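Breakdown of the fold
The chain contents come next:
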Amino acid sequence: MHPAEASTPLASSTARPLLSKPPLPSRLLRRSLALALALSLPLAAAQSGRESTLVLGGDFSDLITLDPGVSYEFTGSLLAGNLYDTLVAYEGNDLTKVRPRLATSWTVTPTASGSRLTFKLRAAKFSTGRPVTAADVVYSLNRVIQLKTPSSFLLTDVANLKVGSVTAPDAKTVVMDIPKTANPNIVLALLTFNVAGVVDAAEAKAHEQSGDYGTAWLKDHSAGSGPFLLNRWDRSAQVALDVNPSAWRKSPNIKRVILRYMLESAVQQSALNSGEIDVAWDYTPDAFKTALKNPKLKGLKTGTFQLQYLGMNSGKGAAFEDPRVREAVRYAIDQDGIIKSLLQGLGRKTQTIIPIGLAGANTALPYSYDPAKAKALLAAAGKSNLSVDFSIPTGSCAGGVPCQDLAAKIQSDLAKVGIKANIKQMVSADLYTMYRAQKAELIMAPWSPDYADADGNGTPLADFNAKSLAWRNVWQNDAASKLAQSAAIENDPAKRLGLYKQLTELVAKDGPFAILYQPYKPVVISASVVGFGRNANGDVRFEKISKK
Amino acid sequence: MTTTLPVSRRSDNAALRKLRRNSGAMLGFVLLLLLLLAALFGPLFLGNPGAQDLAARLSPPSAAHWLGTDQLGRDVLTRVLSGARISLGLGVSVMLASLITGSLIGLLAGLLSGWWDEGLMRLTDIFLAFPSLILAMAISAALGPNLTNVMIAVALVSWPTYARLIRAQVLALREREFVEAARALGSSQGRVALRHLLPNSLAPLLVQGSFDVGSAILTAAGLGFIGFGAQPPTPEWGAMVSETRNYIAQAPWASSAPAVAILLTVLAFNLIGDGLRDVFDPRGR
Amino acid sequence: MLIYILRRLALMVFVLWGVTLAAFLISHALPADPAAAALGNNAREAQLQEFRVRNGLDKSLPVQYGVYMGRLLTGDLGTSLRTQNSITADLKQFFPATLELTLGAVVFAVLIGLPLGILAALQHGKALDLLARIFALLGGATPVYWLAILALNVFHERLGWLPGPGRLDAYSLAPPVHSGLMTVDAVLARDPQVLVDGLRHLILPGLVLGAFSAALLTRMTRSALLEVLSQDYIRTARAKGLKGSRVIWRHALKNAALPLLTVFGSLFGSLLTGAVLTETIFSWPGIGSYATTSAISLDFPAVMGVTLVAGLAYSLVNLIVDLAYASFDPRISFS
């Protein structure tokens, strides 16, 4: 425990010599001292639960619902993973292999129309005290399919599930039939997500309002079998989880988890240094580096499957129509400089569209930083003086670096080869509206695959017909579309790798992207916190944590 | 604030003499003069405010970088000095734009009276009741973020003060003898307005205007915080504070320098405004 | 008097209607798609269309506005696009926090601004006048978010005198919600610990939000007092040999209270809406941070709700101030 935590604020402020403080106008000092004296009362009782309470500070403003079937935001997923169980899950940082969770075992068998997945359930109880049955699993999946939630396309479009695809022959067995167009491995990967979280059907039905499958109630209540249950969500202030006494994943040390909303990174730094929070979610790379030197703090950098990239509009008459201009941009970007200084190493250098860590990734680095070559390519394309609008998001980019700083660096890199990029910061709503309408000239954006499989990037980034990133950048390449489509459903691992090698090489050479880096997610925790782990999907298992 | 000021009818010389004796105003003018000199001549001695040097990023003040460098290794002093033109220009142009717009609307309302007055003043009320930062945010978002649009957005939220002020002046002056006399002598409404009302309203406008230069810079800084401000790499002070706030623990100099520049500017204009008010208000002595 | 109030109320309704219209027009002038904003970057086209139909975004603008106004007449501010919550319920939840913060800021503004203004007026033209004014200005002359971050850095992190962001310590759970004002609810729950904790959490954001108003109040107090002090009856009182301080307290301040009331009204009105940035930094769950989150995600029904409530608060406070003004000063008649 920090010395400052054990003592009252009054004691800690008078114990230190005044002279060592930063210089302040003495009048202000005296006034503040008087105020502090007036209101500095011991808060001993309030601190009694410190060792069993974990406090996280972060920008959790993306949280709009705790319903596992509806939530498709980072914070919602983080919480749903601790409130609910899925059939299968990833353990630790290994996202290549799904492991048992509610299902103790499963089999995949080919059928005439596709494949059949059969799951055997373990004995588990919901926080309501009811046992978890196969009927609850069927209900939970069907409700997502029928609700058409922001994440339901994962079940309907990717896994090709319909109402009736999932059945419960007995209380402990779940059977799932998928057609040939769905890859069973991708389906298993999808089932690790909160969209497939299992809710207590009886509880949800009891709170159903006008056919909403209990979504209004589950927005700020929980009815799952995870290690925690929702105590209370004070919106824009904090979320409080309490330990679920009937859970099979026991939390021996942490009895309460509090997520405190703190939008500003600088504020999180203050709160972590003062001991007010145990974990800070949004550190800038430079603050992360400073934290690593502080013996009271620990820095964790976890890999992600995100890519931070530049998208270049390649449509007819657009600035980047000529592939040589796109290549020039890739030669002009000082990737090493970005990663080494702006990101302080919180990113990996990569130049192809499948993230490192997924089967199918291509770690080749065909582009060196070469402004002269970029200039030559631009001259050959007749675009020696190019001026483009450079649209960027507000706030932080992947890896925690403020987007405006990253953009200013890229702007100066591009200026060196004769491309004038006029930065336009936009809130993400504005930015993506424009991007979706194919109206972005040059855009900087992050991309996260919807599921941990090469196809999570392959189809959206390479297949124009998928109406995703390739489409938004107006890059239509039939060979790439074909490769992406056949790789997605290829069941032979070796053949699949071969297809992805061809695809990544093609897109790296001709595509509309300049990949900037694959980020690490920095998390800074107090040295007193033990057992904290965060995987590439952003999952944290609170029940494994303890505080000294 | 729409306090109506009594109008000075003393000669300009007397007012100037009083102003010169006002220590606050003089301090304000000296500060402003220094800022203007920095804005005019500073950039002549310094390099490119956008020049990056990632190897020297976030370095503390030194002989090479008197005020240190920022997160992209840009020289903070160079940026603050080149930002002086932009930020002072922003403050003054926003003030002038809202002063002119507001005055015209207030003048029209006061002179035309009746339904016109009612309509224009209700429009003013609507703008006053609208949360200003949200309005500025929306305007800036609709127009697209850049320095010019920031100025338009801030001007659009600050004109109503002037409209109220001028209308109150017009109503007060309409009743005064010398205007009555001018009208009796056959001057038309418009000429009465121009010849008598505007010059007589100049003092309160000057006072309000000098306060508003500072608040325009602060509002622009607020817009920058949400991402609707001047765009990188423009060294506008508000944008600089907002961009460097993420590094406040690692490089306090980078955000303090533009913040102090803003503080000095706001201080200068407020002291001048206070001084003008002291001088032009015949009762306040 | 009654006619005056009715007239003012009618005008207020008109102004608020104007505010809704302006807010509606501006939010639809934005070149962004609220469906995409609500459903995120990876949403499929079919989902977007379904969302538009469900929220009535597929209808023409006049129809949408008509639907909105129709609902508004029944007190229904509509549904947030981002969270699908009732906006009326949202505002009920978030408004008290802002009210509490604003009251705190007004207290600080008065505690700082009034004495400094009086000091400046009494020392008119002397060094203390200037010093008092400069000191009052310092807080309000920098970008408020910078001041807020700096204040947290110094008074919370380094000195440890004051708590960090939020309305309460993370380890003390909030009392049951009755009024939504943390201090009042703490008193109702008879929980002195939470009361003290809540008050402590009010200090930094209250000071930061109040700083700008303190400077304004200093200036207005000073000039109002100067004006009164120069008037004949005060001079007479002074000439009659009344002691300086009694003159000030008895006569001058009483008369200076009127213009101050005006300042106070507009101050309170602008504080409520000016809390946007302060609330964002201090993680204060009020309508200011609600407005920011909603505006950034183009949740325009929510933004219109906030705008309307802020406009209503502003208009009401000004009406009350005008009424108070008139009842203080017999020379003013209602017309």
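Residues numbered from 1 in each chain as written. Chains lettered and ligands numbered in written order. Predicted model: local features only at pLDDT ≥ 70, side-chain atom pairs only at ≥ 80, totals over all residues. Heavy atoms only, no water.

The subject of this paragraph is the interface of chain A and chain C. At the interface, 71 residues of chain A touch 63 residues of chain C. Carbon and sulfur atoms make up 58% of the surface buried where chain A meets chain C, a total of about 5800 Å² over both sides. Our count for the chain A to chain C interface comes out at one salt bridge. Scanning the region where chain A abuts chain C turns up 15 residue pairs in polar contact (both at pLDDT 80 or more). The residue makeup of the side of chain A that touches chain C, split by class, is 33 nonpolar, 17 polar and 21 charged. (Contact = heavy atoms within 4.5 Å. Buried area = accessible area lost by both parts, 1.4 Å probe. Salt bridge = Lys/Arg side-chain N within 4 Å of Asp/Glu carboxyl O. Polar contact = N/O pair within 3.5 Å; in protein donor to acceptor, adjacent residues only side chain to side chain. Nonpolar A, V, L, I, M, F, W, Y, C, P; charged D, E, K, R; others polar.)

This next bit is on helix H20 (residues 493-510) of chain A. All names here are of chain A. In a regular helix each residue adds 1.5 Å, so 18 residues correspond to 26 Å; H20 covers 26 Å between its end C-alpha atoms and thus fits that length. All of the buried residues along H20 are Arg496, Leu499, Tyr500, Leu503, Thr504, Val507, Ala508 and Asp510. Against the buried residues of H20 lie helix H7 (184-190), helix H12 (323-332), helix H17 (455-462), helix H19 (478-489) and strand E18 (513-526). Between the side-chain oxygen at the start of H20 and the backbone nitrogen of Ala494 there is a gap of 3.1 Å, and the oxygen is on Asp492. (Helix = DSSP H or I, 4+ residues; strand = E, 2+ residues; numbered from the N terminus. Expected span 1.5 Å × (residues − 1). Buried < 20%, exposed > 50% of the residue type's maximum accessible area, 1.4 Å probe, protein only.)

In the structure shown here, the tally under the stated rule is 41 salt bridges over all chains. Residues A:Asp278 and A:Lys547 are paired through a salt bridge, measuring 2.9 Å at the closest nitrogen-oxygen approach. Of the two residues, A:Asp278 is situated in the loop between helix H10 (265-273) and strand E11 (279-280) and A:Lys547 in strand E20 (residues 546-547); the sequence distance between them amounts to 269 residues. When sorted by exposure, A:Asp278 lands in the same class as A:Lys547, which is buried. Here A:Asp286 ties to B:Arg57 by a salt bridge, and the two come within 2.9 Å at their closest N and O atoms. Of this pair, A:Asp286 sits in helix H11 (residues 285-292) while B:Arg57 sits in the loop between helix H2 (23-45) and helix H3 (76-112), which puts the two residues in different chains.

Turning our eyes to something else, we now look at the packing of aromatic side chains. All names here are of chain A. Under the counting rule described, the total for this entry stands at 15 aromatic pairs over all chains. Each ring, one from Phe60 and one from Trp281, has its centre 6.5 Å from the other, and the planes form 50 degrees; the classification is tilted. With Phe60 in the loop between strand E1 (53-58) and helix H4 (74-83) and Trp281 in the loop between E11 and H11, the pair connects residues that are 221 residues apart, well separated along the chain. Given a relative accessible area of 9%, Trp281 falls into the buried group. A ring pair is formed by Phe228 and Phe542, whose centres lie 6.2 Å apart and whose planes are at 85 degrees; its orientation type is edge-to-face. Linking Phe228 in strand E8 (residues 228-234) with Phe542 in the loop between strand E19 (529-530) and E20, this pair joins segments that are 314 residues apart in sequence. Judged by its relative accessible area of 0%, Phe542 falls in the buried class. Following the ring pairs from residue to residue traces out a cluster consisting of Phe60, Tyr261, Trp281 and Phe532. In this structure, Lys301 is placed above the aromatic ring of Tyr520, and the distance from its NZ or CZ to the ring centre is 4.5 Å. The ring of Tyr435 carries the charged tip of Arg472 above its face, separated from the ring centre by 5.4 Å. (Phe/Tyr/Trp six-rings, centres within 6.5 Å; stacked < 30°, edge-to-face > 60°. Lys NZ or Arg CZ within 6 Å of the ring centre and 35° of its normal.)

A separate point is the domain arrangement of chain A. All names here are of chain A. According to the domain assignment, chain A consists of domain 1 (26-61 + 227-300 + 522-547), domain 2 (84-202) and domain 3 (307-519). The centre of domain 1, based on its C-alpha atoms, is set 33 Å off from the matching centre of domain 2. Taken residue by residue, the interface counts eleven residues in domain 1 and 16 residues in domain 2. Regarding the contact of domain 1 and domain 2, the summed buried area is about 1000 Å², with carbon and sulfur atoms giving 45% of it. Looking only at domain 1, the three residues that lose the most surface to domain 2 are Ser246, Trp248 and Asn537, adding up to 49% of its buried area. Our count for the contact surface shared by domain 1 and domain 2 stands at two salt bridges. Linking domain 1 to domain 2 there are five residue pairs in polar contact (both at pLDDT 80 or more). (Domains from an automatic or database assignment.)

Bringing unusual backbone geometry into the picture now. A cis amide bond links B:Pro232 to the next residue, B:Pro233, at an omega of 5 degrees. Positive phi is not limited to glycine here, since A:Tyr213 has a value of about 55 degrees. Within the fold, A:Tyr213 resides in the loop between helix H8 (201-206) and helix H9 (215-218). Phi is positive for C:Leu298, close to 55 degrees, though the residue is something other than glycine. Secondary-structure assignment places C:Leu298 in the loop between helix H12 (287-296) and helix H13 (300-328). C:Leu298 sits in the buried class, given a relative accessible area of 8%.

This next bit is on the state of the cysteines. All names here are of chain A. Taken as a whole, this structure holds one disulfide over all chains when the rule is applied. Here Cys397 is linked by a disulfide to Cys403, with a sulfur-sulfur distance of 2.1 Å. An S-S torsion of about 110 degrees defines the bridge between Cys397 and Cys403 as right-handed. The burial state of Cys397 is the same as that of Cys403; both residues are buried. (Disulfide = S-S within 2.5 Å.)

Attention shifts here to the environment of A:Gly458. All names here are of chain A. Within the element layout of this structure, Gly458 appears in helix H17. Along the backbone, Gly458 and Phe288 are 170 residues apart, and their C-alpha atoms lie at a distance of 32 Å. In this structure Gly458 touches Ile354, Asp463, Ala484, Tyr500 and Leu503, once residues within four positions along its chain are discounted.

Let us now look at a nonpolar patch on the surface. Residues B:Val30, B:Leu33, B:Leu34, B:Leu37, B:Leu40, B:Phe41, B:Leu44 and B:Phe45 make up a contiguous nonpolar surface patch of roughly 860 Å² in combined accessible area. For B:Phe45, a relative accessible area of 72% puts it in the exposed group. (Patch = residues over 30% accessible without salt bridge, like charges linked within 9 Å, V, L, I, M, F, W, Y side chains within 5 Å. Areas by Shrake-Rupley, 256 points an atom, 1.4 Å probe, with all protein chains shown as cover.)

Residue and element names in this part refer to chain B. Take Arg277: it is sitting in helix H10 (residues 252-280). Judged by its relative accessible area of 9%, Arg277 falls in the buried class. Considering only alpha carbons, one finds Arg277 and Leu206, 71 residues apart in sequence, at a separation of 8.7 Å.

Attention shifts here to the interface of chain C and chain B. Facing 56 residues of chain C, the contacting portion of chain B comprises 47 residues. Regarding the contact of chain C and chain B, the summed buried area is about 4400 Å², with carbon and sulfur atoms giving 76% of it. It is C:Tyr145, C:Trp146 and C:Arg219 that lose the most area in chain C upon contact with chain B, and together they represent 14% of the buried surface on that side. Between the two partners, chain C and chain B, sit three salt bridges. Of the charged contacts in the structure, one is a salt bridge between C:Arg219 and B:Asp274, with a shortest N-O distance of 3.2 Å. Put simply, chain C and chain B have eight residue pairs in polar contact (both at pLDDT 80 or more) between them. Counting residues per element, the ones that place at least two in the side of chain C that touches chain B are helix H1 (2-29), helix H6 (127-140), helix H7 (144-158), helix H9 (192-229), helix H11 (244-281), H12 and H13 of chain C. Broken down by element, the side of chain C that touches chain B gets its largest block of residues, ten residues, from H1(C). Along the lines of polarity and charge, the residues of the side of chain C that touches chain B split into 34 nonpolar, 16 polar and six charged.

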